[in-house]
Amino acid sequence: MSSVVERKFKSHFLYIVLLSVPFVVLEVLLLLKYPNTGLGRIISLPMTFLMNGMIILISSSLVYYLLKYTKFRVVGRVILGLMICLTLIVTVWLYPQDASKHISKIIVEDIKSLWSEKGI
């Protein structure tokens, strides 16, 4: 009986790690690229990890249930992809910026300037 519980924990843990890696990498990249966060980082980082952690736990439980007890394998993978996108959006949305525009506006302006340089 314990091997079944251990196998279930390992499978569930795989989904949690799979969903956690992209937002952690994005958070590190944002901290390196846009360091002007001031004291907002003290509140923002734990809140970002908490919100993304809740999203990840709920979605990994849903995907694990779908893959384990139903035949909706494609739906489970689509949910995983959507949850990765959602955690990335939450990470950017909650990232603080001390003395300038919100980080999402800065990223859009950076992308527009790259497109205009290449003539696209």
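For the structure, check the block above.
Calculation criteria
For every chain, the first residue of its written sequence is number 1, and the numbers climb from 1 along that sequence. In keeping with the predicted nature of the model, local features appear solely for residues at pLDDT of at least 70, side-chain atom pairs appear and are counted solely at 80 or more, and the whole-chain, interface and lining totals rest on all residues. Where side-chain values are given, they derive from all heavy atoms of the structure, hydrogens and water being excluded. For the purposes of this section, nonpolar cores are sets of buried Ala, Val, Leu, Ile, Met, Phe, Trp, Tyr and Cys residues that join through side-chain atoms within 4.5 Å. Relative accessibility decides the category of a residue: with a 1.4 Å probe and only protein chains considered, values under 20% of the type maximum give buried, values over 50% give exposed, and everything between is partly exposed. Each helix is a run of H or I in the DSSP string that is no shorter than four residues. Each strand is a run of E no shorter than two, and both are numbered from the N terminus. Expected span of a helix, by definition, is 1.5 Å for each gap between consecutive residues, and there is one gap fewer than residues. We define a salt bridge as a contact between a side-chain nitrogen of Lys or Arg and a carboxyl oxygen of Asp or Glu at a distance within 4 Å.

Focus on the nonpolar core
Residues Tyr15, Ile16, Leu19, Phe23, Ile56, Val63, Tyr64, Leu66, Leu67, Ile79 and Leu80 constitute the largest nonpolar core, which totals 11 residues. Put simply, the parts of the chain that give this core at least two residues each are helix 1 (2–33), helix 2 (40–69) and helix 3 (73–93). A total of 5 residues in this core trace back to one element, the largest contributor, which is helix 2. Listed in part, the 6 residues of the second largest apolar core include Leu30, Val92, Tyr95 and Ile103.

Focus on helix 2
For helix 2, which comprises 30 residues, the first-to-last C-alpha distance of 43 Å matches the rise-based estimate of 44 Å (1.5 Å per residue) to within 8%. Turning to helix 2, its buried residues are Ser44, Leu45, Thr48, Asn52, Ile55, Ile56, Ser59, Ser60, Val63, Tyr64, Leu66 and Leu67.

Some words on the pattern of salt bridges
In the structure shown here, the tally under the stated rule is 1 salt bridge. Among the salt bridges present, the one from lysine 101 reaches glutamate 109, with a minimum N-O distance of 2.6 Å.

Remember that the coordinates give geometry; whether it matters functionally is a separate question.
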